[in-house]
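Residue strings, one per chain:
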Amino acid sequence: MQEVHFSEINDKGISLYIKREDELHPFISGNKYRKLKYNLQEAFNQNKHTLVTFGGAYSNHIAATAAAGFEHNFKTIGIIRGDELANNLQEVIKNNPTLKFASEHNMQFEFVTRSAYRNKNTSEFIAKLKEKFGDFYLVPEGGTNRLAVRGCEEILTSSDEQFDIICAAVGTGGTISGIINSLKNHQKAIGFPALKGDFLQDEIKKYVLNNDNWSLNTTYHFWGYAKISEELITFINKFKSETSIPLDPVYTGKMLFGIVDLIKNDFFKKGTKIVAIHTGGLQGIAGMNILLERKNVPQIV
């Protein structure tokens, strides 16, 4: 846990802390550690030796699953969106930090078209994977299922009962669902989606147990998943310079940008105690900087 002293909000009478879940494990970072915990246990209980999962070429989940499989002696197979990446594969891996890391941790890749990827959850798609790879334990894209939510319910502990507001970035909804299920009566959770659209409300409601002390703030997605601006990059770099806390540009950077903006605009009453969950994802910075360099814009330091 780290208290935040940031020049843009120091005079607002709000206490802001960051729970450093990114420091749980050097490679299985933050919420991925929580999401995989009980899924790995279930795979072991089912006597499965192979994990199959899905993700994009820069996915935090792909990197974390590869590391977890390597550490716990599972074979891992990543179904990667974008069949064009299979062309000149060694060069692609060499120049993609996420795929390079996953490959070094013995993950096998299966690249599929974007249209096929959209059907990844269908019984037909899964059946074809079983024909090709044999028996396996399936971990959903982003890692979210009921076992993942169970793991994320352990993020909040008794020491966090002092806080009024719990904030988390939202991708597939598993992390915020676990947090919501762990809230005390006096607490409220605010999720900051990294994607455009309102569909996440329904996804979260699948896992939430009779708790309406939560909301999603959809203002700070910066036009969509993995899309960023120079304003966001400047914020991330300034935040790290002043607090020594690194933020990733897809999830935690947008969340903290949103929290700081809300504090600056007096959204919270004075004296409010806020904790933001740092869900990790820092491995994605290297890949994002490659894209930023190509666009000749400032990079994340």
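Residues numbered from 1 in each chain as written. Predicted model: local features only at pLDDT ≥ 70, side-chain atom pairs only at ≥ 80, totals over all residues. Heavy atoms only, no water.

Topic: the overall build of the protein chain
Item 1. Helix and strand counts for the protein chain come out as twelve helices and ten strands.
Item 2. Compactness check: the protein chain gives a C-alpha radius of gyration of 19 Å against a globular reference of 19 Å for 301 residues, within 12% of the reference.
Item 3. Projecting the C-alpha coordinates of the protein chain onto the three principal axes gives extents of approximately 60 × 45 × 35 Å.
Item 4. Counting only residues that meet the buried cut, the protein chain has 55% of its 301 residues in that class.
Item 5. Across the protein chain, contacts joining residues at least 24 apart in sequence account for 74% of those joining residues at least 6 apart.
Item 6. As displayed, the protein chain has an accessible area near 14000 Å², and 47% of this comes from carbon and sulfur atoms.
Item 7. For the protein chain, the distance from the average site of its 35 positive side-chain charges to the average site of its 33 negative ones is 2 Å. (Helix = DSSP H or I, 4+ residues; strand = E, 2+ residues; numbered from the N terminus. Rg over C-alpha atoms; globule rule 2.2 N^0.38 Å. Buried < 20%, exposed > 50% of the residue type's maximum accessible area, 1.4 Å probe, protein only. Contact = heavy atoms within 4.5 Å. Areas by Shrake-Rupley, 256 points an atom, 1.4 Å probe, with all protein chains shown as cover. Lys, Arg positive; Asp, Glu negative; His and termini not counted. Charge placed at Lys NZ, Arg CZ, Asp CG, Glu CD.)

Quick word on the sheet that holds strand 5 (residues 107–112)
Item 1. Strand order in the open sheet formed by four strands is 5-4-3-6, and the pairing between neighbours is parallel. At either margin of the open sheet sits one strand with a lone partner, and together these are strand 5 and strand 6 (137–138).
Item 2. Inspection of the sheet shows strand 3 (residues 50–55) paired to strand 4 (residues 75–81) by six bridges, in the parallel sense. Bridging across to strand 4, Leu51 finds its partner in Thr76.
Item 3. Each of strand 3, strand 4 and strand 5 is contacted by helix 2 (residues 60–72), which is oriented at about 170 degrees to strand 3, the strand it contacts most. (Pairing = 2+ DSSP bridges. Axes fitted to C-alpha atoms, helices over the stretch in contact; angles between N-to-C directions.)

Section: the sheet that holds strand 2 (residues 15–19)
Item 1. What the six strands build is an open sheet, ordered 1-2-10-7-8-9; its pairing is mixed. Across the chains shown, the open sheet's two edge strands, defined by having one partner strand only, are strand 1 (2–3) and strand 9 (214–216).
Item 2. Sheet topology places strand 7 (residues 165–170) next to strand 8 (residues 188–193); six bridges connect them, and they run parallel. Its bridge partner being in strand 8, Cys167 is matched across the sheet by Ile190.

Some points on the layout of surface pockets
Item 1. In this structure, the second largest pocket spans a volume of roughly 230 Å³.
Item 2. Taken together, 14 residues make up the lining of the second largest pocket; nearest its centre are Pro26, Phe27, Ser29, Leu282 and Gln283.
Item 3. Those elements giving two or more residues to the lining of the second largest pocket turn out to be helix 2 and helix 4 (97–104).
Item 4. Along the lines of polarity and charge, the residues of the lining of the second largest pocket split into seven nonpolar, five polar and two charged. (1 Å grid on protein atoms, 1.4 Å probe; cavity = no way out; pocket = protein on both sides within 12 Å on 5 of 7 lines; lining within 4 Å. Points joined across faces, edges and corners; volume = space filled by probe spheres on them. Nonpolar A, V, L, I, M, F, W, Y, C, P; charged D, E, K, R; others polar.)

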